[in-house]
Amino acid sequence: MTATSPSAARPDFSGEVAAHYAEYRRGYPPAVLDVLDRTFGLDAHPGIGDLALDLGCGTGQLALPLAAHVRTVIGLDPEPDMLFRARAAAERSGVRNALWLLGTDADVPGLAALAPGERPLGLTVIGNALHWMNPGELFRALRPLTRPGGGVAVIANGAPLWAQDTDWSRALRAGLEEHFGRPVNASCGTDAAEREQYAAALADAGFTDVRETVVEYEDVLTPDQLLGTLYSAIPAPELPSAAERPAFAARLLAALPAPRTAAGYPEHIRVSLLTGLA
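Cut-offs and rules
Residues numbered from 1 in each chain as written. Predicted model: local features only at pLDDT ≥ 70, side-chain atom pairs only at ≥ 80, totals over all residues. Heavy atoms only, no water. Helix = DSSP H or I, 4+ residues; strand = E, 2+ residues; numbered from the N terminus. Rg over C-alpha atoms; globule rule 2.2 N^0.38 Å. Buried < 20%, exposed > 50% of the residue type's maximum accessible area, 1.4 Å probe, protein only. Contact = heavy atoms within 4.5 Å. Areas by Shrake-Rupley, 256 points an atom, 1.4 Å probe, with all protein chains shown as cover. Lys, Arg positive; Asp, Glu negative; His and termini not counted. Charge placed at Lys NZ, Arg CZ, Asp CG, Glu CD. Phe/Tyr/Trp six-rings, centres within 6.5 Å; stacked < 30°, edge-to-face > 60°. 1 Å grid on protein atoms, 1.4 Å probe; cavity = no way out; pocket = protein on both sides within 12 Å on 5 of 7 lines; lining within 4 Å. Points joined across faces, edges and corners; volume = space filled by probe spheres on them. Nonpolar A, V, L, I, M, F, W, Y, C, P; charged D, E, K, R; others polar.

Novice: Can you walk me through the overall build of the protein in this structure?
Specialist: Each helix and strand in the protein was counted, giving 9 helices and 7 strands. Relative to a compact globule of 278 residues, whose C-alpha radius of gyration would be 19 Å, the protein shows 19 Å and is just as compact. Each principal axis of the C-alpha distribution contributes one length, and for the protein these read about 60 × 35 × 35 Å. A total of 278 residues make up the protein; the buried ones form 52% of that total. A fraction of 82% describes how many contacts in the protein between residues 6 or more apart in sequence connect residues 24 or more apart. With an accessible surface of roughly 12,300 Å², the protein has 54% of that area assigned to carbon and sulfur atoms. With 22 positive and 33 negative side-chain charges, the protein shows a separation of 2 Å between the mean positions of the two kinds.

Right, here's the structure in full:
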């Protein structure tokens, strides 16, 4: 929860963390997929359509809806438990054109083997995961693999729960800092300075027409959703045990102001799509 640079060790998001990720992490509204379609001219025709890569795919929140817009989507993630749950979600939803591969951004150059001598990728999406990678090296590796008119979309799917501009978010951050005994300040690639660095890295790698498109909407988190989403962001070694979790949850919720709505805690979600064309 505190790592802020690609050089930080990748966290352990296995076991219960992956389970919470699959159940509670928010998905992407249809408007986000519409932006990807318009920007990259995606083609879903069998045999001739686009191949898309979801890098750091987690449990498939973006890869699964993207599958309807391309010939094939590849979900690549370093955590086997995430991929297991992504594959299960694909089976439940009837998605048959998704492949799930174990790997990291360092494995991207190997994707050239999918179509030797060609540019196999129509689109690479990276949703709230680029802070675990080396953006400059990654974008330079993706550029020769990406078809003309295709490109890269770095998507920030809203600020983390502890980094929002609300009273309840600030209280949550204070409660987490008290529990862990250290600052909880990771923006997970969502703050303006990081987005500017990503845009510069895209341009330096040869991507053009680098721009940001924003999709905004309102939502409400129930207490269970707030806690489940939080548990999906705490690395497995630091996640309170099942026996400790009720007391941990009670302390956090008691520290928050009373929900402003009967349903729970309001969120203003700002989805930022930073795109560059090959």
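Here the narrative resumes, following the displayed structure.
Novice: I would appreciate a short explanation of the side chain of threonine 72 in the present structure.
Specialist: Within the secondary structure, threonine 72 sits in strand 2 (residues 72-77). Overall, the relative accessible area of 15% leaves threonine 72 in the buried class. Beyond its immediate sequence surroundings of up to four residues, threonine 72 is in contact with Asp50, Leu51, Ala52, Asn97 and Leu99.

Novice: Would you explain the packing of aromatic side chains in this entry?
Specialist: Here a ring pair, both rings aromatic, is described through the centre-centre distance and the interplanar angle of the planes. A full pass over the atoms with the stated rule returns 2 aromatic pairs. Aromatic side chains tryptophan 168 and tyrosine 265 sit 5.8 Å apart centroid to centroid with 50° between the ring planes, which places their arrangement in the tilted category. Of the two residues, tryptophan 168 sits in helix 6 (residues 167-180) while tyrosine 265 sits in strand 7 (residues 265-277), which places them 97 residues apart along the sequence. Residue tryptophan 168 shares its accessibility class with tyrosine 265, and that shared class is buried. Taking the centre distance of 6.2 Å and the plane angle of 35° together, the rings of tyrosine 231 and phenylalanine 248 count as tilted.

Novice: Quick question: what am I supposed to make of the layout of surface pockets here?
Specialist: One simple way to see leftover space: roll a probe sized like a water molecule over the atoms. Here the largest pocket is characterised by a volume of approximately 960 Å³. In this structure, the largest pocket is lined by 50 residues; those nearest its centre are Phe13, Tyr21, Arg25, Gly127 and Asn128. Among the secondary structure elements, those contributing two or more residues to the lining of the largest pocket are helix 1 (15-24), strand 1 (51-55), strand 2, strand 6 (208-221), helix 8 (223-231) and strand 7. Looking at the lining of the largest pocket, the element that brings in the most residues is strand 6, giving 4 residues. Looking at the lining of the largest pocket residue by residue, the class counts come to 28 nonpolar, 13 polar and 9 charged.

Novice: In this structure, what is going on with empty space enclosed by the protein? I would like to understand it.
Specialist: Taken as a whole, this structure holds 1 cavity of 30 Å³ or more when the rule is applied. When residues in the lining of the largest cavity are grouped by element, the largest group, 3 residues, is from strand 5 (residues 146-157).

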